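Structural overview for review
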Amino acid sequence: MRAPSTGLLLAAAVLTAAAATVAAAPAFAAETAKVVTGAPSGPGGASTATCPAGTHLTGGGYRLQPDAAGPVRANGPTADATGWSAQAERGSVVAFAVCETED
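All values reported here derive from a predicted model rather than from experimental measurement. (Residues numbered from 1 in each chain as written. Predicted model: local features only at pLDDT ≥ 70, side-chain atom pairs only at ≥ 80, totals over all residues. Heavy atoms only, no water.)

Thoughts on the overall build of the protein chain
The secondary structure content of the protein chain amounts to one helix and six strands. In the protein chain, the succession of helices and strands from N to C terminus is α-β-β-β-β-β-β. Buried positions account for 24% of the 103 residues belonging to the protein chain. Sequence separation of 24 or more characterises 70% of the internal contacts of the protein chain that already satisfy a separation of 6 or more. Put simply, the protein chain shows about 6,700 Å² of open surface, and 63% of that area lies on carbon and sulfur atoms. (Helix = DSSP H or I, 4+ residues; strand = E, 2+ residues; numbered from the N terminus. Buried < 20%, exposed > 50% of the residue type's maximum accessible area, 1.4 Å probe, protein only. Contact = heavy atoms within 4.5 Å. Areas by Shrake-Rupley, 256 points an atom, 1.4 Å probe, with all protein chains shown as cover.)

In structure tokens:
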């Protein structure tokens with residue numbers, strides 16, 4: 001009977017080490033998205049949607065109300081990046097924020 005070649009032993013050792021590395025990889029928590037809506041603004045005012053505690057902002061947007069006319073003056077994350085703010089030039093707007101939390 002012949003002894004196994006060194007190449008086969010090395011390949012077996014590499015595969016065993018790779019399997020141990022995969023098994024030791026950390027599990028990542030799933031994120032859950034939640035859309036938060038701000039209060040409708042007054043005419044020409046701003047609406048802000050703020051993410052609840054324990055979540056982080058991932059995006060946002062706005063919806064113009066039927067009385068809105070003209071362009072949107074502002075649309076983006078708040079200065080502290082905890083929410084989304086929007087402002088119509090004339091009329092009302094509602095901002096929304098997309099917030100995620102890790103489960």
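Details of unusual backbone geometry
With a phi close to 60°, Ala-81 is a non-glycine residue in the positive phi region. As for its position among the elements, Ala-81 is in the loop between β4 (69-77) and β5 (83-90). Owing to a relative accessible area of 46%, Ala-81 belongs among the partly exposed residues under this scheme.

A short note on the state of the cysteines
Here a disulfide denotes one covalent bond, and it connects the sulfur atoms of two cysteines. All told, the structure shown has one disulfide when counted by the stated rule. Note on cysteine connectivity: Cys-51 is disulfide-linked to Cys-99, with sulfurs 2.1 Å apart. Residues Cys-51 and Cys-99 are joined through a disulfide that is left-handed, its torsion about the S-S bond being -85°. Here Cys-51, found in the loop between β2 (46-50) and β3 (56-64), pairs with Cys-99, found in strand β6 (residues 93-102); they are 48 residues apart in sequence, far enough to count as distant. (Disulfide = S-S within 2.5 Å.)

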